[in-house]
Structures are given as structure tokens and as C-alpha cells.
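Chain by chain, the residues:
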Number of protein chains: 2
Amino acid sequence: MFERKGYDMKINKELMKGSTSILVLALLSREDMYGYQISRRLSLDTGNIFEMKEGTLYPMLHSLENERAVESYWLDAENGKRRKYYRITDHGRKLLNEKQHEWESYSNAVNTVLGGACYE
Amino acid sequence: MFERKGYDMKINKELMKGSTSILVLALLSREDMYGYQISRRLSLDTGNIFEMKEGTLYPMLHSLENERAVESYWLDAENGKRRKYYRITDHGRKLLNEKQHEWESYSNAVNTVLGGACYE
DNA sequence: CTATATACATAGAATATCTATGTATATAGG
DNA sequence: CCTATATACATAGATATTCTATGTATATAG
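Scoring rules and cut-offs
Residues numbered from 1 in each chain as written. Chains lettered and ligands numbered in written order. Predicted model: local features only at pLDDT ≥ 70, side-chain atom pairs only at ≥ 80, totals over all residues. Heavy atoms only, no water. Contact = heavy atoms within 4.5 Å. Buried area = accessible area lost by both parts, 1.4 Å probe. Salt bridge = Lys/Arg side-chain N within 4 Å of Asp/Glu carboxyl O. Polar contact = N/O pair within 3.5 Å; in protein donor to acceptor, adjacent residues only side chain to side chain. Helix = DSSP H or I, 4+ residues; strand = E, 2+ residues; numbered from the N terminus. Nonpolar A, V, L, I, M, F, W, Y, C, P; charged D, E, K, R; others polar. Buried < 20%, exposed > 50% of the residue type's maximum accessible area, 1.4 Å probe, protein only.

### Let's talk about the interface of chain B and chain A
Frequently, the measure chosen for interface size is the accessible area removed from exposure when the parts meet.
Then comes step 1: Between chain B and chain A, the contact holds 45 residues from the first and 44 residues from the second.
Then comes step 2: Together chain B and chain A conceal approximately 3,900 Å² of surface at their shared face, both sides included; 67% is due to carbon and sulfur atoms.
Then comes step 3: Counting across the interface, chain B meets chain A through zero salt bridges.
Then comes step 4: Applying the counting criterion to the chain B and chain A interface returns four residue pairs in polar contact (both at pLDDT 80 or more).
Then comes step 5: At the level of secondary structure, the elements contributing two or more residues to the side of chain B that touches chain A comprise α1 (20-28), α2 (35-45) and α4 (90-115) of chain B.
Then comes step 6: Element by element, the count of residues in the side of chain B that touches chain A is highest for α4(B), at 17 residues.
Then comes step 7: The residue inventory of the side of chain B that touches chain A, partitioned by class, reads 22 nonpolar, 13 polar and 10 charged.

Here it is in C-alpha cells:
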């Protein structure tokens, strides 16, 4: 995660904590997706800023399912692979909405503090 | 941390991870401060969104000092207490600058993904 | 036939923050 | 007078999240 190709941009992995599930829920709010697709889409949408590893993504999808924020179903792809699709639930949408408000409060607060920073 | 008074707004504590040191460095970039003052200021500046606990703040100040991002010195206050002030170093300012760029990339990426979210 | 991409999954390591606790002094309230 | 609260520093251990490493399996490209 956080290995930008070109000019080895490295973002502190810890920044990611707590917001990964928001990202996944946001993607699923638009369309059903399967795990591998989610990880690809995240890299694509963010110019490789986020590269969510499978060791992070799959356990998270399972725990989102446990808390009834998403539901899953299997489909066979034309390429011969089995794909486990995830669909967001009403509860999941509510959760996403809450998390988005949290994120706004949080990022505004960080920007407020950083806004006063002095570099020399 | 993250207990907003009025309408028990609770922000996922995990969101904080990785950005706490940026906040501390940003405050110190403007003026020397002591630990207790930093924790108060953070609460004040962010409307109680951030309430950095002492168990988080003091160890972090120590590790920032270990990596030479800050320096400390003791002063006696007029109220009879001893205060350990922290001063940011040149290295610390460089670090702050880098971390701020990381934060921008990161928050832009999150906003990009959230921007496409659909709530019903 | 071997490497790579796709596709799912789990166990254990690493790390950051929190909770809980400790010390000590000053001040306000009962 | 005594106790609670605020100030001010500090550390040990619990908790939680993500990462690393590894595993399975199939299809396709070279």
C-alpha cells in the first residue's frame, strides 16, 4: 500500500487506518463489485496512492459482512474464475453516510491545524 | 480522544493514526509549547474534535525528540509548576513539510473516492 | 512449461493509539 | 481542614488495524 510508481512517493501507512472501510463502502455504493476489482479500482482512481493489499481487503470485506453492512454472492466469470461479489445493504449506506461525516470533521480539523503551520 | 461534547459525536479513533505527529509539529512550527499546552490547544483549535490523550502525546514527543525533530528544555512557570517546552528543529520543519504533502495526497485520494459515493 | 495475472483466503508480525495508572503541586469549594 | 479538580509530567500494558508472508487454484502469454 502507498507505493507510488514514478517518483517513489511513500505515504505513511498509518494514515490509512480507519478510512479503508469508508473507501470500500463508497465504491460499493455505486455498483456491486468483487474483491480483486475493488483493489484495482482503488489504485486506478487514486493514481496508485492507495494500493490496498489482499491481506487487508479480504478480512475487511468479511467483517463488513459480519456487521451486515454488505452481502455477498458468487458469480462465474467468462474467464473461468469464480468471483465473490459484494452488495451494500441499507445499513451499509447509513454507515457510509456516518463515516463520511466523520471524515469531513476530521479532515477539516487537520486542515485547520495545518493551516497555521509555519515553514521557516 | 474524539469525544465531542454536545451531541456525542464520536470519530473513529483510528482515523487519527499517522497524523498526530503532523499536528504536533504544525503547532510547534509557530511557537515553542509544552505538552499540556499542546493537548489543550488541539482541543481548542478543533472544537474538541481532537482530544489527544497524555498516553499518546508524551510518548510521541519523546520519539520526536529521539529522531531530532524537536528539542526540549525546562522552564518554571509562575504557578509553581515545571514545564517541559519543545522547540522544533530544522529537521523537524523539513519533516513537517513532507508530512503535509503526504496528507494532501492522501486526503485528495480519499475525497476522490468519496466524491463518487451514492447514498440511495 | 514457466511466469504472470486473476481470484480468493488466513496466520502472524508490526505499529500506533488508548486505557489505566502513577507521581506531584496549586487552588477552589464544602 | 480536607477533598476534588486542574495542571503537568510519565510509563506499562491492552487494543485494534493494517501489513507481510504464505497458501490454494485457474487461465493465458511467451
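Having seen the model, we can carry on.
### Examining the pattern of salt bridges
All names here are of chain A.
Then comes step 1: Scanning the entire structure with this criterion turns up four salt bridges over all chains.
Then comes step 2: With a closest N to O distance of 3.1 Å, Arg41 and Glu31 form a salt bridge. Within this pair, whereas Arg41 is found in helix α2 (residues 35-45), its partner Glu31 is found in the loop between α1 (20-28) and β1 (33-34), the two being separated by 10 residues in sequence.
Then comes step 3: A relative accessible area of 24% places Arg41 in the partly exposed class.

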